[in-house]
Protein chains: 4
Amino acid sequence: MAALVPESSTKYSVSIIGASGYSGAELTRLLLLHPNVELQELYAFSQAGKRVSELYPLLSCDKLYKPYSGETESDVYFLALPHGEALQLVPPLVEAGKTVIDLSGDFRLKSVIEHEQFYKQTKSSDSVMTYGMAELFRDEIIKAKAISNPGCFATSIILGVAPLFSSNEGGIKVRAINCTSTSGISGAGRSSKTELSFSEMSENVRAYKVGVHQHIPEIMQALGTSASNPSFDFTFTPMIGSLVRGIYSILNVQLESSLDVERIKVLYHRFYPKKRTPFVRVRDAMTEVRHVAHTNFCDIHIAHATATGSLVIVTAIDNLLKGAAGQAVQNMNLMLDLGETTGLSF
Amino acid sequence: MAALVPESSTKYSVSIIGASGYSGAELTRLLLLHPNVELQELYAFSQAGKRVSELYPLLSCDKLYKPYSGETESDVYFLALPHGEALQLVPPLVEAGKTVIDLSGDFRLKSVIEHEQFYKQTKSSDSVMTYGMAELFRDEIIKAKAISNPGCFATSIILGVAPLFSSNEGGIKVRAINCTSTSGISGAGRSSKTELSFSEMSENVRAYKVGVHQHIPEIMQALGTSASNPSFDFTFTPMIGSLVRGIYSILNVQLESSLDVERIKVLYHRFYPKKRTPFVRVRDAMTEVRHVAHTNFCDIHIAHATATGSLVIVTAIDNLLKGAAGQAVQNMNLMLDLGETTGLSF
Amino acid sequence: MAALVPESSTKYSVSIIGASGYSGAELTRLLLLHPNVELQELYAFSQAGKRVSELYPLLSCDKLYKPYSGETESDVYFLALPHGEALQLVPPLVEAGKTVIDLSGDFRLKSVIEHEQFYKQTKSSDSVMTYGMAELFRDEIIKAKAISNPGCFATSIILGVAPLFSSNEGGIKVRAINCTSTSGISGAGRSSKTELSFSEMSENVRAYKVGVHQHIPEIMQALGTSASNPSFDFTFTPMIGSLVRGIYSILNVQLESSLDVERIKVLYHRFYPKKRTPFVRVRDAMTEVRHVAHTNFCDIHIAHATATGSLVIVTAIDNLLKGAAGQAVQNMNLMLDLGETTGLSF
Amino acid sequence: MAALVPESSTKYSVSIIGASGYSGAELTRLLLLHPNVELQELYAFSQAGKRVSELYPLLSCDKLYKPYSGETESDVYFLALPHGEALQLVPPLVEAGKTVIDLSGDFRLKSVIEHEQFYKQTKSSDSVMTYGMAELFRDEIIKAKAISNPGCFATSIILGVAPLFSSNEGGIKVRAINCTSTSGISGAGRSSKTELSFSEMSENVRAYKVGVHQHIPEIMQALGTSASNPSFDFTFTPMIGSLVRGIYSILNVQLESSLDVERIKVLYHRFYPKKRTPFVRVRDAMTEVRHVAHTNFCDIHIAHATATGSLVIVTAIDNLLKGAAGQAVQNMNLMLDLGETTGLSF
């Protein structure tokens, strides 16, 4: 892991809009400990007036949540709001020259039609921001002023299959991908729904939004195709299980022609060299959620390959870190040239 | 366990008022399988219009929840409503000659003052019904037409110390009892509170209502004293942990003079003879929640006794069965002379 | 639910060989409550000499576990042993004219080569017994004297796709099936492995034996093809999650041509008519593990179908009941003409 | 929280003996991130030859576990061994002038008789090292070369009642304390016992070693009395529940005379001033395990006080951090003058 010694001694003033949900709280925790950050304001609407330590005694932070009304004093703004709420707030911040990282899905999709179909929300313009997945788009992120942070399921799936879509791998052609991903329940946010209560979700597993989840077009776009006109068959089944944190994805890939496990491993290790992608670990042993919980790692394991071209790839991330707040801080580090892993070693 | 062959072939028509909560659903399950019961109506207010199988697919029951408006067609009525709601509904049912079993706290306390203090509810009269704890009050229950079913914590505590208060045990005098009870989260009902969500309660333990829980006066009354003028010092700390079902009580008892473990065991075995109290098991080995989950048993283990008169007694029940629906059916069985264990062997 | 009134008043003497594991304990529970069963002997090797109530206080049963040494006094024998141990014990019981139900994988596969490949065990003969999946092979089971009870994963997968393979459905052709199944940890048996300890498995998910699980040839055989020469591409990824009971299977099916959800539902409802397959529920709403836990149901939900012929089918069972002990009792009921659901209504 | 900027830039060479258990792994994680530490050797006996990343992929550390054979190259040695194994290993390290912190119970008790009674182990000498509870014995720790790190239960109990025993509080006299503590299962170590498997411990609570736990004499000694000749009545009931990390203690205290909640709070806030005891938080709101999990905090809440002098105090810690590895690093920080909170802000 990277050294604790900060690569830069500059301090940036940072605020969070939407700080009281689980992603916002995890961001708060990371930013309180980040050596180049002065955490300034924590904006939250329904929880305005409460202290952080009331909602999250874990954090030992006495700051007050405030309602946001257009302030632009900080250098950096993270937005961790429900989908749809960032649409109006981001443009003025960008215009004011701020460094902006939005964790919602509002600015991820290039296609307005797909956005409206999958998010069930009107979107007047095709505004889209640089997609903040450092392992694929590091150069664009370094130059960007505003980033759209990837979705949690999308992160676990895109990183798991991206090497198969690399333009340098001419001989490999993907015919179909079926994904089954188990998410921790924190992915549903700080919720008061009966169906997410402990009594309903202990010792349980439940699929939902099968084939219609909003991360589908995001995944297709990142892999160079689109949900409306896909170049391969794609099915996605999200599930929640009896765990708080983590996403565990089983990626069933059908290639046009077979490829043995060892060749695939070589391909993955070449695509993700250790130094340039410090948070991706291509592992020989089976991965598990507990191997990545409370870290910013994405673990990838090539589990199976058949003579008919079927692959099974298994990935694991912490949905609140690599799937949300951790990846967001990773993006800030790249945008401000602070060292990609600063504040992300646990 | 008792034979499955019913001791009586009579069928009673039975309805539940407040059938859509967890206790109501557990009652529904028990009554659907009870050989002497014809389950007639399932009344529920907020869920009226839905089918049982929508809320509880486990039950495979297509009956509709209906709003209750004073019907009296059934022979037996169970009420499983939030505290306060049975106060008005029970009297007309009793007057109509129905067999009534109320699972709320509305009719448990003889003292109106204690009721109002602990339930934070006005209660105009001192109406109280026979306390449905068969192990202590079987003769009264057999003769009763209306029963107030005990609270879940109260059941686990009263059964654990009752032998020490037996009038036949002249030499034993209790000076103080400190109880610490861990409850499954289903005890809070079918809830949509954030603080009971899986994300908040997984891998957690939380105490609440320390020293002010409404079961305190109920326990004192059943033990022959009162919360306002107690004959021994009593402290009660309820907790919830990361489990759905079960109550696990640690009962720290301070006696006036010491008593060795073996003598206490003899006392307990004499007080709870196997035949007459089929659901109490005084066990030599440590008990656990898993030993009683999904059963109507109350397990009791004498864990420790010191030379200074300190005892530690451990009890375990399933809060939805012996602590609610199971004990309610046990009461119905006694009231209708159907065999105490009928429909309660799992 | 089925009536509690037994369809037959005959009592059979029944013994279990391998009674001390989780499947054996669940069988013990079911048989203690079965109206046509006199539970005679509980055989167990490593636990011989202990009482049932020592290992499973839940069961309130004082019988002693005994070592098995060839006894044949009972009418019916269930075997719930680790794979390989039933191979020698079953033939003498069959020869002695006993009704035999084996829960292991020893007699499931017709192909000796596949058995040896997937079970890593030598098998001298091609002895195979009637496959005890009542929904597909009821007529053979009724006539059989010895049954090989299906595997837990296999049950959840075969029942989920069997209608697509029905000979009456000429137009449907399956090209590929990818299964991802999450199992409760009890599926690994009463274990003392570090990797199955609470500290390792709480808040965790882990895949294992990807593409090499021993239920693969069993599934292929039941669907009319074979693992060595399959008529469609098949991949299976088993997982364990943070739950004790249940199997939740996501079945990604690729058909040669597309089929809409409504047509598939009609097909499934026709294949599984409610009366003849009392434990299969084809449900319109999403199924969950909690809907079937502690029951003998197999729930099936058609979750998704695309224009390119991709289907997602979701199934749920209780691995210890429909996946083991419950299905075994269902088979006994059919073999002895006791009413298929007797003793299986919870 | 303390600043990340190290108070000292010195680097110490540090090794762990017994590095492969849960406490050892948590120590490894903390020391890898500690700015003043160069982690040198990880000694482990049964796991020797494996890499850290094999057992704990979470840690991303490729060091090899080695068997320990008397090496003394490092400046600091932590010992995280099963009770009894440090007895022989510590003296040579102390003699070699090393800084030693032992996490076992081997050097905690002054009384050889009590040690032998509670640990069931012979102990030839009365060797005892400075008790490493900084909140009570900071001055001794700063001067010490060898520390005996407190037990996990003991930490949660001693810190919860210590203010009541302060010599400055002449008017307060404790008559009795009954403690009931729920521990996470990781407290039992990296285990392969059936009784600690997920299938046995999910949705469960179990008491054990009631009144005989080895932390009893440790608690009594730290409070200025002894288990063999106690100045107040003391009962301790440890439990494990369905959680991995955390200790939640309910401390029922009986005073000679009553004291109201507000006066007790003043007493606790005076005893634990925020600056000098950075990890103790006396909180007005109820504490929960989740408030302290993955931190080095000990939360204390005064929950109840009666007119008869009964108090209920609730405390929460993370058993692997404040209850083991975190407290050990806190001790090292004090011994080496590195700033008490260095490397302990999460």
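Here, the structure is the one placed above.
Since this is a predicted model, take the numbers as computed values, not measurements. (Residues numbered from 1 in each chain as written. Chains lettered and ligands numbered in written order. Predicted model: local features only at pLDDT ≥ 70, side-chain atom pairs only at ≥ 80, totals over all residues.)

**Q** How should the environment of Leu334 of chain C be read in this particular structure?
**A** Residues and elements named next belong to chain C. By secondary structure assignment, the location of Leu334 is in helix α10 (residues 321-335). Expressed as a C-alpha distance, the spacing of Leu334 and Arg138, which sit 196 residues apart in the sequence, is 7.8 Å. In contact with Leu334, not counting residues within four places along its chain, are Ala134, Arg138, Ile141, Ile142 and Glu340. (Helix = DSSP H or I, 4+ residues; strand = E, 2+ residues; numbered from the N terminus. Contact = placed C-beta atoms within 7 Å.)

**Q** Sorry if this is basic, but what is going on with the environment of Tyr208 of chain C here?
**A** Structurally, Tyr208 of chain C is set in the loop between β9 (205-207) and α8 (215-222). Separated by 29 residues in sequence, Tyr208 of chain C and Thr237 of chain C have C-alpha atoms that sit 7.2 Å apart. Residues within four places of Tyr208 of chain C in sequence aside, it is in contact with Met286 of chain A together with Pro238 of chain C.

**Q** What's the story with the relation of the copies chain D and chain C in this structure? I'm lost.
**A** Look at the two chain copies: a rotation about an axis and a shift along it is all it takes to match them. The transform that puts chain D on chain C rotates by 180 degrees and translates by 0.0 Å along the axis, for an RMSD of 0.0 Å. What the rotation and shift describe, once combined, is the action of a two-fold rotation axis. Of the residues that chain D buries at the interface, 100% are likewise interface residues in chain C, meaning the two copies contact each other through the same surface. (Least-squares fit on C-alpha atoms with pLDDT ≥ 70 in both.)

**Q** I tried to follow helix α9 (residues 261-271) of chain D on my own but got confused; where do I start?
**A** The α-helix winds at 3.6 residues per turn, so residues separated by three or four positions along the chain end up facing the same way. Residue and element names in this part refer to chain D. Taken together, the buried positions of α9 are Ile264, Tyr268 and Phe271. Buried positions in α9, seen along its axis, are confined to an arc of 65 degrees and lie on one side of it. Within α9, the exposed residues directed more than 90 degrees away from the buried face are Glu262, Val266 and His269. Residues of α9 that are buried in the fold lie against β12 (280-282), β13 (298-305) and β14 (310-317). (Buried ≥ 20, exposed ≤ 12 C-beta atoms within 10 Å, placed from the backbone. Arc of directions from axis to C-beta.)

**Q** I tried to follow the interface of chain D and chain B on my own but got confused; where do I start?
**A** Accessible area lost during the coming together of the parts is what is often quoted as the interface size. Each partner contributes residues to the interface: chain D has 36 residues there, and chain B has 34 residues. Contributions of two or more residues to the side of chain D that touches chain B are made by β8 (174-183), β9 (205-207), β10 (233-241), β11 (247-255), β13 and β14 of chain D. No other element matches the four residues that β10 of chain D contributes to the side of chain D that touches chain B. By residue class, the composition of the side of chain D that touches chain B is 14 nonpolar, 15 polar and seven charged. (Nonpolar A, V, L, I, M, F, W, Y, C, P; charged D, E, K, R; others polar.)

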